[in-house]
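Chain by chain, the residues:
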Amino acid sequence: MPTTSPTLTAAPGPAHPCVRCGRTVAADVSLCELCNPLGLSQPATSQAHGTVFVAIIGAVVALAVAGKLVLAGVGPFQADVSGVTTATAGLAVELAVHNEGSKAGSTTCRITEASRGGTGPAAVVQTPRVDPGSTLRFSTSLTEFGTEPLALAVSCQSP
């Protein structure tokens, strides 16, 4: 006895592909007649979107925990301006950065005019890697404050 396959009819109105085989189905169903011949209940749109939402939230939490574990023990950093001299295109500033943490790391420091109390124009510099419990002295060139030496203040971020 020859077997016949079910006849598929085009879905009227808005349509999308079947989630299993890709055939065109109505917008309110997920599976075509061939993939769901018994007409079993199909996953709701809110169920699919909820699963994706939970997966995204889980990934963000996992990345936050991983970031915290990687950065734990780095810093805080204390910094001082050791010297300011005239350079070819601005100022040569010598900084002393101390890592009070238990891991080596680098930080971002913000340099401002000392007379402005941390406000006004600023230069941002990335420090080289500082070993735990040690102080690193390095020099950087700045153009933000002109060419005349002046009193500068520095503050460094902790991760």
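Quick caveat, the model's predicted, so the values are computed rather than measured.

Student: Can you help me understand the sheet that holds strand E6 (residues 122-126) in this one?
Tutor: Taken in spatial order, the 3 strands of this open sheet run E6-E5-E8, and their pairing is antiparallel. Looking at strand neighbours, the two that pair on one side only are E6 and strand E8 (152-156), the edges of this open sheet. Across the sheet, the mean angle from the axis of one strand to that of its neighbour is 25°, orientation sign disregarded. Bridge count between strand E5 (residues 108-113) and E8: 5 bridges; the pairing is antiparallel. Bridge assignment links Arg110 to a residue of E8, and that residue is Ser155.

Student: Teacher, can you tell me more about the state of the cysteines here?
Tutor: By definition, a disulfide links two cysteine residues through a covalent bond between their sulfur atoms. The final tally for this structure, using the stated rule, is 1 disulfide. Through a disulfide, Cys109 is tied to Cys156; the S-S separation comes to 1.9 Å. Handedness of the Cys109-Cys156 disulfide follows from its S-S torsion of about 95°: it is right-handed. Taken together, the positions of Cys109 in strand E5 and Cys156 in strand E8 put the pair 47 residues apart, joining distant regions of the chain. A residue is classified by how much of its surface remains accessible, and Cys109, at 0% relative accessible area, is buried.

Student: Honestly, the sheet that holds strand E7 (residues 135-142) in this entry has me stumped. Any pointers?
Tutor: Picture the strands of a sheet paired through backbone hydrogen bonds; they go either parallel or antiparallel. Pairing is antiparallel across the open sheet formed by 3 strands, whose spatial order is E3-E4-E7. The outermost strands of the open sheet, each flanked by one partner alone, are strand E3 (77-87) and E7. In this sheet, adjacent strand axes meet at a mean angle of 20° when their direction is disregarded. For strand E4 (residues 90-99) and E7, the ladder comprises 8 bridges, and the chain directions are antiparallel.

Student: In this structure, what is going on with the pairing of E4? I would like to understand it.
Tutor: Each regular strand carries side chains that alternate between the two faces of the sheet. Counting buried residues in E4 gives 8 out of 10 residues, a clear majority hidden from the surface. As defined by bridge partners, E3 adjoins E4 across 10 bridges and the pair is classed as antiparallel. When the sheet's bridge partners are listed, Val81 is paired in E4 with Leu95. Where E3 folds back onto E4 in an antiparallel hairpin, the turn is made up of 2 residues.

Student: Explanation requested: the nonpolar core in the structure shown.
Tutor: Generally speaking, nonpolar side chains in soluble globular proteins are found buried as a group. Membership of the largest hydrophobic core comes to 18 residues, with the highest contact counts inside it found for Leu95, Val97, Ile111, Leu142, Phe145 and Val154. Looking at this core, the elements that each hand over two or more residues are E3, E4, E5, E6, E7 and E8. No other element matches E4, which puts 4 residues into this core. Apart from residues lying up to four places away in sequence, Leu95 is in contact with Asp80, Val81, Ser82, Ile111, Val125, Leu136, Arg137, Phe138 and Val154. One finds Cys18, Val25, Cys32 and Cys35 within the second-largest nonpolar core, a separate group that totals 5 residues.

Student: How do you make sense of a nonpolar patch on the surface when you look at a structure like this?
Tutor: A grouping of Phe53, Val54, Ile57, Val61, Val65 and Leu69 is seen on the molecular surface, where their side chains present a nonpolar patch of about 600 Å² in accessible area. Secondary-structure assignment places Leu69 in helix H1 (residues 45-71).

Student: Quick question: what am I supposed to make of the side chain of Glu113 here?
Tutor: Locating Glu113 in the fold gives a position in strand E5. Excluding residues within four positions of it along the chain, Glu113 makes contact with Gly118, Pro121, Phe145, Leu150, Ala151, Leu152 and Ala153.

So, how was this worked out
- Residue positions within a chain follow its written sequence, with the count starting from 1.
- Side-chain atom pairs in this predicted model are given and counted only at pLDDT of 80 or more, local residue features only at pLDDT of at least 70, and totals for whole chains, interfaces and linings cover all residues.
- With hydrogens and water set aside, each side-chain value is computed from the structure's full complement of heavy atoms.
- What makes two strands pair is DSSP finding at least two bridges between them.
- Under the scheme used here, helices are H or I runs from DSSP no shorter than 4 residues and strands are E runs no shorter than 2 residues, and both carry numbers assigned from the N terminus.
- Here the axes come from fitting lines to C-alpha atoms, over the contacting stretch only for helices, and the angles between their N-to-C directions go from 0 to 180 degrees.
- Counting rule for disulfides: a pair of cysteine sulfur atoms within 2.5 Å.
- For every residue, the accessible area obtained with a 1.4 Å probe (protein chains only) is divided by the maximum for its type, and the residue is called buried under 20%, exposed over 50%, and partly exposed between those limits.
- Here the nonpolar core consists of buried residues drawn from Ala, Val, Leu, Ile, Met, Phe, Trp, Tyr and Cys, with membership extended through side-chain atoms lying within 4.5 Å.
- The contact definition used throughout considers only heavy atoms, calling two residues in contact when any of these lie within 4.5 Å.
- Think of a patch as exposed residues, more than 30% relative accessible area, with no salt bridge, where like charges cluster within 9 Å and nonpolar side chains (Val, Leu, Ile, Met, Phe, Trp, Tyr) cluster within 5 Å.
- Accessible areas in this description were obtained via Shrake-Rupley with a 1.4 Å probe; residue shielding takes into account the shown protein chains only.
- What counts as a salt bridge is simple: a side-chain nitrogen of Lys or Arg found within 4 Å of a carboxyl oxygen of Asp or Glu.

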